[in-house]
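Coordinate inspection notes
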Amino acid sequence: LYDFIPDPHDPDLLHLVIADVTGKGVPAAMFMAVCRTIIRTEAQNGRSPANILLRTNQQLMSEKRSLPFITVFFGTLHLKTGRLVYALGGHDRPYWVRADGQPPRQLSGQGMLLGAFPTIRVDEQEITLAVGDSLVLYTDGITEARNEAGLFDEARLEAVMAGCVTGSASDIAQRILDAVHQFTGSHPQSDDMTLVVLQREAVLT
């Protein structure tokens, strides 16, 4: 799942979500739909990213039946300044691809997956994207794509991004997908892949 949620109180804010549910099939899809509704509802109330994930976990834990677990990245991006405030709920940490040529790096921060424990710790962090910088969000279907020799892994992902730091968002996404598909070849995959690349552009006045 990925989602973009406009902020109802501030048109300059955009909420970014990428999530991954354990399990497969109809039960996992139904659970993801429930999680999406909860997160979108919480995002309408002006809460911080960490608080949104904590409240989402509380609602999931209030269910009496057995549920899958979910990993989530939630970020609030200020479209004019590039300031991104974010929290991780056990999800793969996104990459910050900087247009100034510095090596791509994973965002910092820790957090626990949602729906597994009644009390969780979720760190809140922030960065500021410069004009031309990109944010690469993905699920573990990318880094755990495999062939006969092993996994695509984060090192290969970082190498691909390092070779296209000045590319557009669509260029970066296509380079990553091409590299994954070349790596896996005809080897069957056990997980789906979600990849989202956002790039900050100059604000026109």
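For the structure itself, look to the data block above.
Residues numbered from 1 in each chain as written. Predicted model: local features only at pLDDT ≥ 70, side-chain atom pairs only at ≥ 80, totals over all residues. Heavy atoms only, no water.

**Description of the overall build of the protein chain**
Inclusion rule: Numbering of helices and strands starts at the N terminus; helices are DSSP runs of H or I of at least 4 residues and strands are runs of E of at least 2. Based on C-alpha atoms, the radius of gyration is set beside the globule rule, defined as 2.2 Å times the residue count to the power 0.38. For every residue, the accessible area (1.4 Å probe, protein chains only) is compared with the maximum for its type, and the residue is labelled buried under 20%, exposed over 50%, or partly exposed between those bounds. Two residues qualify as a contact provided that any one of their heavy atoms is within 4.5 Å of a heavy atom in the partner residue. The Shrake-Rupley method, run with a 1.4 Å probe sphere, supplies the accessible areas, and residue values consider only the shown protein chains as cover. In this tally Asp and Glu are treated as negative and Lys and Arg as positive; neither His nor the chain ends contributes. For the purpose of locating charges, the reference atoms are NZ of Lys, CZ of Arg, CG of Asp and CD of Glu.
Of the regular secondary structure elements, the protein chain holds five helices and 11 strands. Its C-alpha atoms give the protein chain a radius of gyration of 17 Å, within 12% of the compact-globule value 17 Å for 205 residues. Looking at the protein chain as a whole, 45% of its 205 residues are labelled buried. Here the analysis covers contacts within the protein chain between residues at least 6 apart in sequence; of these, 67% occur between residues at least 24 apart. In the structure as shown, the protein chain presents an accessible area of about 10,300 Å², 52% of it carried by carbon and sulfur atoms. Once the 17 positive and 24 negative side-chain charges of the protein chain are each reduced to a mean point, those two points are 5 Å apart.

**Structural notes on the sheet that holds strand β11 (residues 195–199)**
Test applied: Here the rule is simple: two strands pair whenever DSSP picks up at least two bridges between them.
In spatial order, the strands read β6-β5-β8-β11; together these four strands make up an open sheet with antiparallel pairing. Each having just a single partner strand, β6 (105–106) and β11 make up the two edges of the open sheet. Where strand β5 (residues 95–97) meets β6, two bridges bridge the pair, whose relative direction is antiparallel. Of the residues in β6, the one forming a bridge with Trp96 is Arg105.

**Notes on the sheet that holds strand β4 (residues 83–89)**
Our working rule: Helix axes are fitted to C-alpha atoms over the stretch in contact, other axes to C-alpha atoms as well, and angles between N-to-C directions run from 0 to 180 degrees.
If you trace the five strands from one edge of the open sheet to the other, you get β1-β2-β3-β4-β7, paired in antiparallel fashion. Two strands bound the open sheet, and with one partner strand each, they are β1 (2–6) and β7 (124–128). With direction set aside, neighbouring strand axes in the sheet form an average angle of 20 degrees. Summarising the sheet, strand β3 (residues 70–78) and β4 pair through five bridges and their orientation is antiparallel. Within the sheet, the bridge partner assigned to Phe74 lies in β4 and is Ala87. Helix-sheet contacts for helix α1 (residues 25–43) involve β1, β2 (13–21) and β3, and the interaxial angle to β2 is about 155 degrees. The sheet strands contacting helix α2 (residues 49–61) are β3, β4 and β7, and the helix crosses β4 at an angle near 25 degrees.

**Section: the pairing of β1**
Of the two faces of β1, the one holding Asp3 and Ile5 is buried and the one holding Tyr2, Phe4 and Pro6 is not buried anywhere. With five bridges joining them, β1 and β2 adopt antiparallel strand pairing. Following the sheet pairing, Tyr2 is matched in β2 by Ile18. Here β1 folds back onto β2, and the loop between the two strands holds six residues.

**Details of the nonpolar core**
We apply this condition: Take the buried Ala, Val, Leu, Ile, Met, Phe, Trp, Tyr and Cys residues and link them wherever side-chain atoms come within 4.5 Å; each set so joined is a nonpolar core.
In this structure, Phe31, Leu53, Leu60, Ile70, Val72, Phe74 and Leu114 are the most contacted members of the largest nonpolar core, which totals 23 residues. Those elements that provide at least two residues to this core are β2, α1, α2 and β3. At seven residues, the largest contribution of residues to this core is made by α1. Excluding anything up to four places from it in sequence, Leu60 contacts Phe31, Cys35, Ile38, Leu67, Ile70, Leu114 and Gly115. Counting residues in hydrophobic clusters, the runner-up holds 21 residues, among them Ala145, Val165, Ala173 and Phe183.

**Quick notes on the pairing of β11**
Taking burial as the measure, the five residues of β11 include four buried ones, the bulk of the element. Here five bridges tie strand β8 (residues 134–138) to β11, and the two strands are oriented antiparallel to one another. Each bridged residue has a counterpart across the sheet, and for Tyr138 the counterpart in β11 is Leu195.

**Points about the packing of aromatic side chains**
Threshold: In summary, the pairing rule links any two rings of Phe, Tyr or Trp, Trp by its six-membered ring, whose centres are within 6.5 Å, and it sorts them by plane angle into stacked for under 30 degrees, edge-to-face for over 60 and tilted for everything else.
Tallying each qualifying case throughout the model produces four aromatic pairs. Pairing Tyr95 with Tyr138 gives two aromatic rings, centres 6.2 Å apart and planes at 25 degrees, and the pair type is stacked. Of this pair, Tyr95 sits in strand β5 while Tyr138 sits in strand β8, placing them 43 residues apart in sequence. Each ring, one from Phe152 and one from Phe183, has its centre 5.6 Å from the other, and the planes form 75 degrees; the classification is edge-to-face.

The values are spatial; any link to function lies outside them.
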